[in-house]
Amino acid sequence: GLFLAFLTLNSLLLQGVPLDRFARVVLPFALCGLGLLNGHLVACTGLRLGRLLNPLYVAAIVSVLWRTAHGFLFAGATLETVRIEILSPALTWLAALIGCSLLLRSRPLHWTVILALALLLGSILLSVTRGLLFPILASAVGSTLALLHGLRWRLFAPRDLAKRLLPVTGAVVLGLGALVVTALVLPGVTERWSERLFSPTGDRNISADPSVLSRKAEADAIFKILNKEPVHYLHGRGVGASYYWDPAYLPELYEIYPEGVLDDTGEVWFAGHSVWTYGLFAGGAIGLVAFAALLGSAVVLSLRSAAANAAGPGPDTWLLYLPMVTALCLASQSFTSNPFDERLFGLLFGATLGLVQAGFVRASWIRTS
């Protein structure tokens, strides 16, 4: 609440950001706060953890299906050109849920997990998006740490360790099968993946991957703007303020992008391609501390909430690790993308963090009884 108040006063009163721009860019952060508040209040009513998860899961699945349909049917995407048009902001959250389900859940290969895994893999393969590989890796690492923490607090039995590794093997087999089917049925997609992974610049005369160049163009320009008035390193230029891409990178980028596509990079005001560079630009050091505190508190509170339930673990106790794994998945993407430019992700992340309160409430009942 204090962070949102700071963003509002700083952006509208001190920096003079237009209200319409501020409202559009700040909305994901506001929805994150509302999701956190709502999750907290509902958790205090004693609702079971699994019931808290259901609306989040449904929203995520609907979002993935809708984005895919919209991209192919209305946005003009084809299998030869499709990129971010079909990517839902819920995919990062699904990666965290899948990792927790496979390693921590008593019924790991439930049909809901298989559906989520199929949609995640399908979105990654069709969109040729390397960035979503980071949340998958972060989910695997975070879920493993959660399993070790659960074993330490006896939330999970050591004898079940081998059984919990079987679903992971099944997920790997499913992933490899998806790769083989894609290679046989959609060879064009396989060729695009090969180019993205091993020859992203092709035969063009550019110094680095175009995705890296675009991030550098944005970051360099942001630092140039802040260097003009270093006081803004403390409180930033405000949410929705204008910045640009450094023109020095545009000749190389035009080797990849058609003429005219980058014309609007002279004045940009959306939430940027990195949580940290945009956090510094919009909120300065205060913004960076707030983002770091949000991610750090998700990890710490998640572990504390799970440990508090060690005296009487229930069938849904594994969900208490979901906030931590989601935060790690977000952190894995934070340097190359900004999930907070999407309203749904802000809402999902806030409501997921509210799960820790349900754990604390449940633990208080255990102690009382």
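In what follows, the structure referred to is the one given above.
Per chain, residue numbering runs from 1 following the sequence as it is written. Owing to the predicted nature of the model, reporting of local features is limited to residues with pLDDT of at least 70; listing and counting of side-chain atom pairs is limited to 80 or more, with chain, interface and lining totals taken over all residues. Heavy atoms from the whole structure form the basis of all side-chain values; hydrogens and water molecules are not counted.

Trainee: Is there a simple way to explain the overall build of the chain in this structure?
Mentor: Secondary structure elements are taken from DSSP: a helix is a run of H or I of four residues or more, a strand is a run of E of two residues or more, and numbering for both begins at the N terminus. Broken down by element type, the chain carries 15 helices and 0 strands. A radius of gyration in this sense is built from C-alpha atoms; the matching globule rule multiplies 2.2 Å by the number of residues raised to 0.38. Whereas a compact globule of 369 residues would reach a radius of gyration of roughly 21 Å, the chain reaches 22 Å, a difference of no more than 12%. Partly exposed describes any residue whose relative accessible area lies between the buried limit of under 20% and the exposed limit of over 50%, with all areas from a 1.4 Å probe on protein chains only and scaled to the type maximum. Residues counted as buried form 47% of the 369 residues belonging to the chain. The criterion used for residue contact is that any of the two residues' heavy atoms lie within 4.5 Å. Taking the contacts inside the chain whose residues are at least 6 apart along the sequence as the reference set, 76% of them involve residues at least 24 apart. Areas reported here follow the Shrake-Rupley algorithm with a probe of radius 1.4 Å; residue values treat only the protein chains shown as occluding. Carbon and sulfur atoms make up 68% of the accessible area of the chain, which amounts to about 17600 Å² in all. Of note, the chain has its 26 positive side-chain charges centred 19 Å away from the centre of its 21 negative side-chain charges. Here Asp and Glu are counted as negative and Lys and Arg as positive; His is not counted, and neither are the chain ends. For charged residues, the charge sits on one atom: NZ in Lys, CZ in Arg, CG in Asp, CD in Glu.

Trainee: Would you explain the nonpolar core in this entry?
Mentor: Soluble, globular proteins show a tendency: their nonpolar side chains are buried together. With 53 residues, the main nonpolar core has L49, W93, L94, L97, L104, Y321 and L322 as its most contacted residues. Among the elements of the structure, α3 (49–73), α4 (90–104), α5 (111–127), α6 (133–152), α8 (187–198), α13 (322–333), α14 (343–353) and α15 (355–368) are those that each provide at least two residues to this core. If one sorts the elements of this core by residue count, α4 sits on top with 12 residues. Not counting the four nearest positions on each side in its chain, L94 is found in contact with A60, I61, V64 and A116. Buried residues of nine kinds, namely Ala, Val, Leu, Ile, Met, Phe, Trp, Tyr and Cys, make up a nonpolar core once their side-chain atoms join them within 4.5 Å. Counting residues in hydrophobic clusters, the runner-up holds 39 residues, among them V26, V268, A298 and L353.

Trainee: Before we go on, may I ask you to explain the environment of L253 in this structure?
Mentor: With respect to the helices, strands and loops of the structure, L253 is situated in helix α11 (residues 250–253). For L253, a relative accessible area of 0% gives the class buried. Here the alpha-carbon distance between L253 and S214, two residues 39 residues apart in the chain, equals 7.4 Å.

Trainee: Mind showing me how you'd approach α15 here?
Mentor: A turn of α-helix holds 3.6 residues, and therefore any two residues three or four places apart point the same way. Multiplying one less than the number of residues by 1.5 Å gives the expected span of a helix. When the terminal C-alpha atoms of α15 are compared, their 20 Å separation across 14 residues agrees well with the 20 Å that a helix rising 1.5 Å per residue should span. Of the positions making up α15, those classed as buried are L355, V356, Q357, A358, G359, V361 and A363. Elements that come into contact with the buried residues of α15 comprise α2 (19–44), α3, α12 (275–308), α13 and α14.

Trainee: Help me understand the packing of aromatic side chains in this model?
Mentor: The relation between two aromatic rings is expressed through the spacing of the ring centres and the mutual angle of the planes. Here a pair means two rings of Phe, Tyr or Trp (six-membered ring of Trp) with centres within 6.5 Å. Their orientation is stacked below 30 degrees between planes, edge-to-face above 60, and tilted elsewhere. For the coordinates displayed, the defined rule picks out 15 aromatic pairs. Here the aromatic rings of F340 and F345 are separated by 5.6 Å at their centres, their planes lie at 80°, and the arrangement is edge-to-face. One exposure class covers both F340 and F345, and it is buried. Every member of this aromatic cluster is reached through a ring pair, and the members are F3, F6, F29, F291, F340, F345 and F349. A ring is considered to have a charge above it if a Lys NZ or an Arg CZ atom is located within 6 Å of its centre and within 35 degrees of its normal. When the ring centre of W153 is taken as origin, the NZ or CZ atom of R152, which lies over that ring, is 5.2 Å away.

Trainee: Would you take a moment to explain the side chain of T129 for this structure?
Mentor: Mapped onto the elements of the fold, T129 is located in the loop between α5 and α6. Assessed through its relative accessible area of 11%, T129 is described here as buried. In protein, a polar contact means a hydrogen-donor-capable atom and an acceptor-capable atom, both N or O and within 3.5 Å, with residues adjacent in sequence counting only if both atoms are side-chain atoms; elsewhere, any N or O pair within 3.5 Å suffices. A distance of 2.7 Å separates a polar atom in the side chain of T129 from a polar atom in the side chain of S127. If sequence neighbours within four positions are ignored, T129 has contacts with R83, L87, I124 and W193.

Trainee: Would you take a moment to explain the pattern of salt bridges for this structure?
Mentor: Opposite charge on two side chains allows them to pair when their charged atoms are near. Only one rule defines a salt bridge in this text: a Lys or Arg side-chain nitrogen within 4 Å of an Asp or Glu carboxyl oxygen. Here the structure, examined in full by the defined rule, presents 4 salt bridges. Residue K224 is joined to D246 by a salt bridge in which the shortest nitrogen-to-oxygen separation is 2.7 Å. Remark: D246 occurs in the loop between α10 (232–235) and α11 and K224 occurs in helix α9 (residues 210–228); sequence separation between them is 22 residues. In this structure K224 comes out as partly exposed when scored by relative accessible area, which is 41%.

Trainee: How do you make sense of the environment of A90 when you look at a structure like this?
Mentor: Mapping A90 onto the fold places it in helix α4. Between the alpha carbons of A90 and V356 there is a distance of 20 Å; along the sequence they are 266 residues apart.

Trainee: Is there a simple way to explain α4 in this structure?
Mentor: Over its 15 residues, α4 runs 21 Å from end to end, which matches the ideal 21 Å to within 8%, given 1.5 Å per residue. Burial of α4 is extensive: 15 of the 15 residues sit out of reach of the surface.

Trainee: How should the packing of α2 against α15 be read in this particular structure?
Mentor: A packed helix pair is summarised by two numbers, namely the angle formed by the two axes and the spacing between the axes. Packing of α2 against α15 leaves a shortest axis separation of 8 Å and a crossing angle of 20°. The pairing of α2 with α15 is recorded here as roughly parallel in orientation. Classified by chirality, the crossing of α15 by α2 is right-handed. Residues H40, A43 and C44 of α2 lie in contact with α15, whose contacting residues are Q357, A358 and V361. Residues are grouped as follows: nonpolar covers Ala, Val, Leu, Ile, Met, Phe, Trp, Tyr, Cys and Pro; charged covers Asp, Glu, Lys and Arg; every other residue, Gly included, is treated as polar. Along the lines of polarity and charge, the residues of the contact of α2 with α15 split into 4 nonpolar, 2 polar and no charged. Here an angle of 0 to 180 degrees is reported between the N-to-C directions of two axes, which are lines fitted to C-alpha atoms, with helices fitted over the stretch in contact. Each angle is binned into one of four classes, with values under 35 degrees roughly parallel, values over 145 roughly antiparallel, values of 65 to 115 roughly perpendicular, and all other values oblique. Crossing handedness is read from the near helix: turned anticlockwise from the far helix by less than a right angle, it gives a left-handed crossing, and turned clockwise, a right-handed one.

Trainee: Explain the side chain of H273 to me, please; I cannot follow it from the model alone.
Mentor: In this fold, H273 is placed in the loop between α11 and α12. Excluding anything up to four places from it in sequence, H273 contacts R215, E218, W245, F335, T336, S337 and N338.

Trainee: Please clarify how the packing of α2 against α14 should be interpreted in this entry.
Mentor: The N-to-C vectors of α2 and α14 enclose an angle of 25°; their axes lie 7 Å apart at closest approach. By the angle between their directions, the pair α2 and α14 is classed as roughly parallel. In terms of crossing hand, the pair formed by α2 and α14 is right-handed. Note on element contacts: α14 touches α2 through R343, G346, L347, F349, G350, A351 and L353, opposite L27, P28, L31, C32, G35 and L36. Its residues assigned to classes, the contact of α2 with α14 comprises 9 nonpolar, 3 polar and 1 charged.

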